[in-house]
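Below are the chains, spelled out letter by letter.
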Amino acid sequence: MKVRSSVFASFILICEGIGIALFLRGFFPVPVKSSVSSKNKLSDLPAEPLTGSTPNSSRLPQPLFKRVVVMLIDALREDFVFGPDGRRYMPYTRHMVERGSSLSFVAKARPPTVTMPRIKALTTGSIPGFIDVVMNLNSPALLEDNLIWQAKTAGKRMVFYGDDTWVRLFPKHFMEYDGTTSFFVSDYTEVDNNVTRHLDGTLKRDDWDILILHYLGLDHIGHISGPHSSLIQPKLLEMDDILKKIHSALISKEADGSLPYLLVLCGDHGMSETGSHGGSSEPEVNTPLVLISPAFKRKGGMETPGVVEQVDLTATLALGLGLPISQNNVGHVIPGVFEETTLRDQLRFLHLNGHQLSCLLKDSMSGYDKEAGFEQFRVAEKAHGNWMKLYLEGNNSEVLSNIGKKVLKQYLEALAAMSSALSKQLGKYDMYSMIAGMVFVFQLLLVLLLAMPEALSGEAAVDVPVLSSLLSLPFYLLCLLLASVHVLVCTSTESSCYFCSLSWGLVFAAVAFSSAMFCTLVSMATRHLTPGTNINRKLPFRSKDWSLSELDALLLAGTVGHTLSLAASSFVEEEHQTWYFLLNTLCLAVFQDVCRKYFREQRDTSDEDEHILLSKDCHSSVHQKADICSEKWLALATPPFTLICCRLLRSLNQTGVQWAHLPDMGHWLNSSEHRTVLSLLAAFCLVLIYLLVQRRCSWVSKAALALGLVGVYSYRAAVGNVMFPWQHAGRPMSKGTVEARFVYVFVLGILFSGTKDLLRSQIITADAKLKSRGLWELYSGLVLLVSLLFRAHNLPVLCCCLLVQTLMAQFIWKKLHYDAAQTTIMHYWFGQAFFYFQGNSNNIATIDISVGFVGLESYIEAPAIFLTALSTYAGPLLWACHLVCYLSSERDRSPVAVGHGCYCLALLRSVPAAAYIVLVTVLRYHLFIWSVFSPKLLYESMHVMLTAGVCLFFYTMEQSPSPKRGQWTESETRERERGTSCGKGPWVEASPGLPLETRVSTHGTRTLTIAPPARPNL
């Protein structure tokens, strides 16, 4: 069965996406959980250790606190409270830390540092799986054992105000609640006012035991303008006043003889230097934890805060409220909270925590009895029993106190060891699903590689032996073999497996597909290796004079080298450096080709050019000589100019990990004192974007583009990034909703105009000029949308992208006769480099989620995800779309160039994705697997999906009916009738008997044959 290269490449990428999804499902482990599905109960608590007699009662010590108020400030960094600016940002809180009855800690949050996994960690005490990053957008109800469920079961009355993630995780748990959406980041005022408005009434009431407040405004400010914004201090002062109000209300309600209150100030995660979060940098994982209660000693000055794990708060609150510890908790109690209680109660608290951790250790690890922490706990438990025997006998000597302190120390060491062991075992990999997904992906990659000669041949069609494979005996034998393996694995495995949980229909389809791919793979390999076959006779690779050019060798070596570099964590963290190096090297290689064309080969073509020019009049000769001279110098200047642009863009956004904290040009431009400079730069860039994009559009699209770009500037002025000359610096900011929707109208108009032209060229008339205009209009609509989503300081990135595309297309790819494969690889390299020029990295924290709410009044999931993905991958998408437009609109190219480009793009994306899947499997126990390799895996997976969409666009652009040999479209006929004597360039016609990219150029009565150098379409 013969299929076009574009169809074949699109199908392979879509199937690879399915295989990668299966691999991801197995790779991101299920968090450590107890095998017992029930929840802990008070009746299940172990008895107090006692040596030499029947066990003591299983009593739980009396609760330490009557009321608990948890004030969670989203994205609160520890330096906002404990740092040098703490006294300025939160003066009352800092006073309580230094002089009040409080305990202060730096609580470390485990990556991924996003809200929903952190809430799970705070309430269950477990470390959520990395896949919870995706689930963060739509949080299902939390069914595992957690602090909120335990409190509700114990009859605690709970009130909640704030992030509605809590309401979705714990439905029907709160006596009273009011949720606010956490994803509409443009709002940082009302989202907090909706929480604070309930405080006065709630604090006066006595009908609640636990009050939880989750403030989102600080996190939204970080996403909008970063941690050094002028909006940070007013927001933190607002939070400080709220804490003071709550503390004063709790003091006024305190009664003599009753249990004290507990006020908890904490953050779910921190904030990176760019204002985002999700990664593992110190500003993202370090959060403040301040516990305020009259049960604690009053401090005499500022002390260095201790370091605890964020999950330690769960066990501490549970025991402090007299509740059982959650079954899947991996944290241990914070010792300082229980210092003022009796030694017997302290030991009992630690024993309960140790018993829970030891039970979880038994359920999650086969060799639990060999763990040092488990052994230490058994020793401490036995010593605790001896101490209890002496205590109950009435021994009150100092020896008993010393023994008790020794037991206390043993317990603390055992708890720390068991907690550490459980934290290291983040989860259990589903190896069967991982291997199945890996096999799918590698089968498809090998089929893609074997199809290279046919996909890049003159026909651009691949003969896939599907029917013969399906009717062969090995296919049915493989189906039986794989089905047997599946049954064997699913019946013998002890742990849960996602692939085994699928229905038999889906499993049979996967087995049949894998068997068919394997048979197809063998058939294609046999056909290529068998000498004398029809396919071998027509392949360009059999040419004796075939050889790799210097540029081909560079492109091949760079692509392979980049793939191999992904095996090192440092290269993954600083991948942008790899692409910057490759792009600079590419520019130098292109510059060498330009010099060779215009200097070394000038003697070979001078006689021919002179002969052509003699047939023109003198006036035309002078103009042509001037045009050739200017063209030469512009071509020579393009690579150095590209190098200069790339160097300037590198200084615009610091990215990666090692130097991300250093100030860059973007920080300088975004500072309030340089807003005028940013305004001028943004205006200049928008004007230049219009001049570069409008050239190929209709007059209607030109007008819409101009108005749309004006709307972009108006939107940025409305949100306070730039300003008009008549605006005052202190003008209040808005959400810019009206201005953004104004731009959306023109984006849709341009896209509609381009789609209309494309449909006319595809269905009504085969007009190449109309098709080209439609493509470029679609591209201009995409550029307008990206310019709206880009932050003001990033507009130079878009501007340089368009400028480099224009120069390279006009003076490099066209003039140097680069084939479709070379042009595609260059586009891919530029796209990858511009991905990092935007400020992106392989860290989730660099994703700018604020763009998902441009023009929206509330959170709507589908457009928010689309806009965020488009903004993040704007660089690769713009270069891929430019490739489609360029290959489709160049008349002197082969009609199969689009198919060649689609195949090469699919291959360039498949190779690193497949290789990276193997790497993360091998390195799954690496120290940086969750902080470095896993985020990169998510980026690679998303990139494969987007590339599949681009390849489908390639396919649709290849669908236009091409005229038969000797026939011309309407527009081509009109241009041909004009002739070529006006200096508008030669007329190009396909010549029979020549390769598809060989052309015949007619100049009057003289015919000049232009043939590209013999090289395969890599």
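First, a word on scope: everything that follows refers to the structure included in this document. In this convention, every chain numbers its residues from 1, walking through the sequence in written order. Two thresholds apply to this predicted model, a pLDDT of at least 70 for residue-level local features and 80 or more for giving and counting side-chain atom pairs, whereas whole-chain, interface and lining totals are computed over all residues. Water and hydrogen atoms were dropped before computing side-chain values, which therefore reflect all heavy atoms in the structure.

Remark: helix α35 (residues 795–813) packs on helix α36 (residues 820–837), axes separated minimally by 11 Å, with the N-to-C direction vectors making an angle of 165 degrees. Relative to α36, the element α35 lies roughly antiparallel. The way α35 lies across α36 gives a crossing that is right-handed. Here Val797, Cys800, Cys801, Val804, Met808 and Trp813 of α35 come into contact with α36, specifically with Thr823, Met826, His827, Phe830, Phe834 and Phe837. Helix axes use the C-alpha atoms of the stretch in contact, all axes being lines fitted to C-alpha atoms, and the angles between their N-to-C directions lie in the range 0 to 180 degrees. Here a helix means four or more residues in a row that DSSP labels H or I, a strand means two or more in a row labelled E, and each is numbered from the N terminus. Under this scheme an angle from 65 to 115 degrees is roughly perpendicular, one under 35 degrees roughly parallel, and one over 145 degrees roughly antiparallel; angles in between are oblique. Should the near helix be turned counterclockwise from the far one by less than a right angle, the crossing is left-handed, whereas a clockwise turn marks it as right-handed. For this analysis, residues touch if any pair of their heavy atoms sits within 4.5 Å.

Direction vectors running N to C along helix α4 (residues 91–99) and helix α12 (residues 232–253) enclose 55 degrees, while the axes themselves pass 7 Å from each other. Considering the angle they form, α4 stands oblique to α12. The segment α4 lies against α12, with Pro91, Tyr92, Thr93 and Met96 engaging Leu237, Asp240, Leu243, Lys244 and His247. Only Asp, Glu, Lys and Arg are considered charged, only Ala, Val, Leu, Ile, Met, Phe, Trp, Tyr, Cys and Pro nonpolar, and every remaining residue, Gly among them, polar. Partitioned by chemical class, the residues of the contact of α4 with α12 number five nonpolar, two polar and two charged.

Our focus in this paragraph is the nonpolar core. Buried Ala, Val, Leu, Ile, Met, Phe, Trp, Tyr and Cys residues that are joined via side-chain atoms within 4.5 Å together make up what is termed a nonpolar core. Buried, partly exposed and exposed residues are distinguished by accessible area as a fraction of the type maximum, computed with a 1.4 Å probe on protein chains only: under 20%, between the cut-offs, and over 50%, respectively. If you look at the biggest cluster of nonpolar residues, it comprises 159 residues, and the most contacted ones within it are Phe8, Phe27 and Leu586. A total of 15 residues in this core trace back to one element, the largest contributor, which is helix α39 (residues 897–922). Leave out the neighbours within four places in its chain, and Leu586 touches Leu551, Leu554, Leu555, Met826, Trp829 and Phe830. Of all hydrophobic cores here, the second largest spans 72 residues; its members include Leu313, Ala318, Leu357 and Ala421.

Here we come to α36. Every α-helical turn comprises 3.6 residues, leaving residues that sit three or four positions apart pointing alike. Relative to the 26 Å expected for 18 residues at 1.5 Å per residue, α36 spans 25 Å between its end C-alpha atoms, a close match to the ideal helical length. Burial of α36 is extensive: 18 of the 18 residues sit out of reach of the surface. In the analysis that follows, any N or O atom pair within 3.5 Å is treated as a polar contact, provided that within protein one partner can donate a hydrogen and the other can accept it, and provided that, for residues neighboring in sequence, both atoms belong to side chains. If you check the start of α36, you find a side-chain oxygen 3.2 Å away from the backbone N of Ala821, and it comes from Asp819. In the segment just after α36, Gly839 is the residue with positive phi, at about 105 degrees. One fewer than the residue count of a helix, multiplied by 1.5 Å, yields its expected span.

The patch calculation keeps residues exceeding 30% relative accessible area without a salt bridge and links them within 9 Å when they carry like charges or within 5 Å when they are nonpolar (Val, Leu, Ile, Met, Phe, Trp, Tyr). Using the Shrake-Rupley algorithm and a 1.4 Å probe, accessible areas are obtained, with residue cover drawn only from the displayed protein chains. We define a salt bridge as a side-chain nitrogen of Lys or Arg found within 4 Å of a carboxyl oxygen belonging to Asp or Glu. On the surface, a nonpolar cluster with roughly 420 Å² of combined accessible area is contributed by Leu467, Leu470, Leu471 and Tyr476. Mapping Leu470 onto the fold places it in helix α20 (residues 466–470).

Our focus in this paragraph is α39. In this model α39 runs 38 Å from its N-terminal to its C-terminal C-alpha over 26 residues, within 8% of the 38 Å that 1.5 Å per residue would give. With 22 of 26 residues buried, α39 is to be regarded as a mostly interior element.

For the rest of this paragraph, the subject is the state of the cysteines. Here, the term disulfide refers to a pair of cysteine sulfur atoms separated by no more than 2.5 Å. Per the counting criterion, the structure on display carries one disulfide. Each sulfur of the disulfide joining Cys490 and Cys500 lies 2.0 Å from the other. Every disulfide takes its handedness from the sign of the S-S torsion; for Cys490 and Cys500 that torsion is -90 degrees, giving left-handed. Taken together, the positions of Cys490 in helix α21 (residues 473–492) and Cys500 in helix α22 (residues 498–501) put the pair 10 residues apart, joining distant regions of the chain. Here Cys500 falls in the partly exposed class, since its relative accessible area comes to 23%. The thiol of Cys587 is unpaired, and the distance to the nearest cysteine sulfur, on Cys646, comes to 5.5 Å. Unpaired in terms of disulfides, Cys904 finds its nearest cysteine sulfur in Cys902, a separation of 9.3 Å. For Cys904, a relative accessible area of 5% puts it in the buried group.

Take the pattern of salt bridges next. In the structure shown here, the tally under the stated rule is 30 salt bridges. Here Lys253 and Asp206 are joined by a salt bridge, their closest N and O atoms 3.3 Å apart. Here the residue Lys253 occupies a position in helix α12, and Asp206 occupies one in the loop between α10 (199–204) and β7 (210–215), the gap between them amounting to 47 residues. Given a relative accessible area of 36%, Lys253 falls into the partly exposed group. Among the ionic pairs, Arg378 bridges to Glu381, the shortest N-O distance being 2.7 Å. Of this pair, Arg378 and Glu381 both sit in helix α16 (residues 372–392), three residues apart, which is roughly one turn of that helix. Ionic contacts of the salt-bridge type, sharing partners, join the residues Glu575, Arg909, Lys936 and Glu940 into one network.

Attention shifts here to the packing of aromatic side chains. Whether two aromatic rings pair depends on their centres lying within 6.5 Å, for rings of Phe, Tyr and Trp, where Trp uses its six-membered ring; planes under 30 degrees apart make the pair stacked, over 60 edge-to-face, and the rest tilted. According to the stated counting rule, one finds 27 aromatic pairs in the structure shown. Consider the rings of Phe23 and Phe27, whose centres lie 5.8 Å apart with planes at 10 degrees: the pair is stacked. Of the two residues, Phe23 and Phe27 are both situated in helix α1 (residues 5–27); the distance of four residues between them amounts to about one turn of the helix. Each member of the pair, Phe23 as well as Phe27, is classed as buried. Among the aromatic residues, those joined into a ring-pair cluster are Tyr580, Phe830, Phe834, Phe837 and Trp879. Geometry around Trp776 places Arg696 over its ring, the cationic atom sitting 4.0 Å from the centre. Charge over a ring is defined by NZ of Lys or CZ of Arg lying within 6 Å of the ring centre and within 35 degrees of the ring normal.

Let us look at the sheet that holds strand β5 (residues 158–163). A strand pair is defined by DSSP finding two or more bridges across the two strands. In space, the eight strands of this open sheet follow the order β6-β5-β7-β3-β8-β9-β4-β10, with mixed pairing throughout. Of all the strands in the sheet, the pair left with one neighbour each is β6 (176–180) and β10 (306–309). Adjacent strand axes in the sheet meet at a mean angle of 15 degrees when their direction is disregarded. The pairing of strand β3 (residues 67–73) with strand β8 (residues 261–266) spans six bridges and is parallel. Note on β8: the bridge partner recorded for Leu72 is Cys266.

Where the residue is not glycine, phi is negative for most of them; where a peptide bond is considered, it is trans in most cases. Phi is positive for Lys172, close to 65 degrees, though the residue is something other than glycine. Looking at the element boundaries, Lys172 is found in the loop between α8 (165–169) and β6. Backbone geometry at His817 places phi at a positive 55 degrees, although glycine is not the residue there. By secondary structure assignment, the location of His817 is in the loop between α35 and α36.

Moving on, we come to the pairing of strand β4 (residues 102–108). The element β4 is largely enclosed, with a buried count of six among its seven residues. Pairing between β4 and strand β9 (residues 286–292): seven bridges, direction antiparallel. Residue Ser104 lies in a different strand from β9, and its bridge partner there is Val290. When β4 meets β10, the two strands line up parallel, connected through four bridges. When the bridges of β10 are listed, Val106 appears paired with Val307.

The next point concerns the side chain of Thr868. Following the sequence through the fold, Thr868 ends up in helix α37 (residues 861–872). Of note is the side chain of Thr868, whose polar atom sits 2.7 Å from the backbone oxygen of Ala864. Discounting residues that sit within four places of it in the chain, Thr868 has contacts with Ile847, Asp848, Ile849, Val851 and Gly852.

Let us look at empty space enclosed by the protein. Here a cavity is any set of points on a 1 Å grid over the protein atoms alone where a 1.4 Å probe fits but cannot get out, and a pocket is any open set with protein on both sides within 12 Å along at least 5 of 7 lines; a residue lines the site when it has an atom within 4 Å of a point. Grid points are joined across faces, edges and corners, and a volume is the space filled by probe spheres set on the points. Under the definition given, this model contains eight cavities of 30 Å³ or more. A volume near 170 Å³ is recorded for the largest cavity. Around the largest cavity, the lining is made up of 15 residues, and of these Val70, Leu147, Trp166, Ile212 and Leu317 lie nearest the centre. Among the secondary structure elements, those contributing two or more residues to the lining of the largest cavity are β3, α5 (115–124), α7 (147–153), β7 and α14 (312–320). In terms of residue class, the lining of the largest cavity is made up of 14 nonpolar, one polar and no charged. Of the pockets and cavities examined, the second largest cavity occupies roughly 140 Å³. Broken down by secondary-structure element, the contributors of at least two residues to the lining of the second largest cavity are α36, α38 (874–889) and α40 (929–957). The element contributing the most residues to the lining of the second largest cavity is α38, with five residues.

Keep in mind that these numbers describe shape and distance, not what the molecule does.
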